[in-house]
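Letter by letter, the chains look like this.
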Amino acid sequence: MRPLLLVLLAWPLAAQAPVVSPFQAEKARALLRAQLPCLGCHELDGEGGRVGPSLTTVAERRDAAYIRAIIEDPGRVVPGAAMPKAMIPTTTRDLVIRYLSRNARAGTPPPAVAQGSILLSPSSILYQRWCSSCHGNKGGGDGPNAKYLPVPPAIHSNASRMSVRSDDALFDAIAGGGAVMGKSARMPAFGATLAPAEIRSLVAYIRTLCACRGPAWSTDGSKP
């Protein structure tokens, strides 16, 4: 028994599968279904979006090191990937990572890929990349992923609905996600992925889709 114990103690931690108790697994599933944005794009056990890879089978396709790296900072692993950096507490993120990688092989961390300089994209390109899969190409709330969401996406082309939302409210929803605005938690936060100027350009683009302004109290009246 003693030699076996020494072998177990010397075994590299990175080679061990994440340990997740039944309680932790259930907590992770509950968080993913009700409080986190992941299922806005990804499917888990038949529930959730379809624009991202399935989380149900992720451990069969990827090793644990890759799963951790892509969740912690998608852009450093796959530059250009349409996956925002998750803005969630570290302990919650770690629990989700351990849950999703519990049956995966250990692996080694993928190398960080240089992302180059940040170039602001035109607002229409940003909208197509980050918003259209749910909100539709023209803001009609009819993107291909919309049918998989428990709450219909906002219709950005609807003037009567969008005119009651201030530019600041739209900015905060894009930057902080749906949950912080009392909306659907499936709407992800883009504040750690997009520059403030890019978010402002998205707000301005939404105003072109609805051909409307925010409420009078939220503007200074100097712009049409």
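The structure under discussion appears in the preceding block.
Now for a look at the structure at hand. (Residues numbered from 1 in each chain as written. Predicted model: local features only at pLDDT ≥ 70, side-chain atom pairs only at ≥ 80, totals over all residues. Heavy atoms only, no water.)

## Section: the overall build of the chain
Part 1 of the argument: Looking only at helices and strands, the chain has 11 helices and two strands in total.
Part 2 of the argument: Each helix (α) and strand (β) of the chain, taken in turn from the N terminus, gives the series α-α-β-β-α-α-α-α-α-α-α-α-α.
Part 3 of the argument: When contacts within the chain are restricted to residue pairs at least 6 apart in sequence, long-range pairs at least 24 apart make up 59% of them.
Part 4 of the argument: Looking at the chain as shown, the accessible area adds up to about 12800 Å², and 60% of this sits on carbon and sulfur atoms. (Helix = DSSP H or I, 4+ residues; strand = E, 2+ residues; numbered from the N terminus. Contact = heavy atoms within 4.5 Å. Areas by Shrake-Rupley, 256 points an atom, 1.4 Å probe, with all protein chains shown as cover.)

## A word on the packing of aromatic side chains
Part 1 of the argument: According to the stated counting rule, one finds two aromatic pairs in the structure shown.
Part 2 of the argument: On the basis of an interplanar angle of 50 degrees and a centroid distance of 5.2 Å, the ring pair of Y127 and Y205 is categorised as tilted. A residue pair is termed long-range when its members are at least 10 positions apart, and Y127 in helix α7 (residues 123–130) and Y205 in helix α11 (residues 196–210) qualify at 78 residues. Across the pair, Y205 and Y127 agree in class, each one buried.
Part 3 of the argument: With a centroid separation of 5.6 Å and 65 degrees between ring planes, the pair formed by W130 and F190 is classed as edge-to-face. Placement of W130 in helix α7 and of F190 in the loop between α10 (167–176) and α11 is noted, with a sequence separation of 60 residues between them. Each member of the pair W130 and F190 is classed as buried.
Part 4 of the argument: Above the ring of Y66, the side-chain terminus of R62 is found at 4.1 Å from the ring centroid. (Phe/Tyr/Trp six-rings, centres within 6.5 Å; stacked < 30°, edge-to-face > 60°. Buried < 20%, exposed > 50% of the residue type's maximum accessible area, 1.4 Å probe, protein only. Lys NZ or Arg CZ within 6 Å of the ring centre and 35° of its normal.)

## Description of the pattern of salt bridges
Part 1 of the argument: Enumeration according to the criterion identifies eight salt bridges in this entry.
Part 2 of the argument: Among the salt bridges present, the one from E26 reaches R29, with a minimum N-O distance of 2.8 Å. In this pair, E26 and R29 are both assigned in helix α2 (residues 22–34), three residues apart and thus about one turn of the helix distant.
Part 3 of the argument: Of the residues examined, E26 reaches a relative accessible area of 41% and is grouped as partly exposed.
Part 4 of the argument: A salt bridge links D94 to R68, with the nearest nitrogen and oxygen atoms 2.7 Å apart. Here D94, found in helix α6 (residues 90–100), pairs with R68, found in helix α4 (residues 64–72); they are 26 residues apart in sequence, far enough to count as distant.
Part 5 of the argument: Residue class for D94 comes out partly exposed when judged on its relative accessible area of 26%. (Salt bridge = Lys/Arg side-chain N within 4 Å of Asp/Glu carboxyl O.)

## Some thoughts on the nonpolar core
Part 1 of the argument: L32, L36, I67, I71, Y99 and L100 are the most contacted members of the largest nonpolar core, which totals 25 residues.
Part 2 of the argument: Among the elements of the structure, α2, α3 (58–61), α4 and α6 are those that each provide at least two residues to this core.
Part 3 of the argument: Sort the elements by how many residues they give to this core and α4 lands first, with six residues.
Part 4 of the argument: Not counting the four nearest positions on each side in its chain, L36 is found in contact with L31, I88, T92, V96, A185 and R186.
Part 5 of the argument: Judged by nonpolar contacts, the second largest core, of 18 residues, contains M162, L170, I174 and I199. (Core = buried A, V, L, I, M, F, W, Y, C linked by side-chain atoms within 4.5 Å.)

Treat this as a map of the structure, not an account of what it does.
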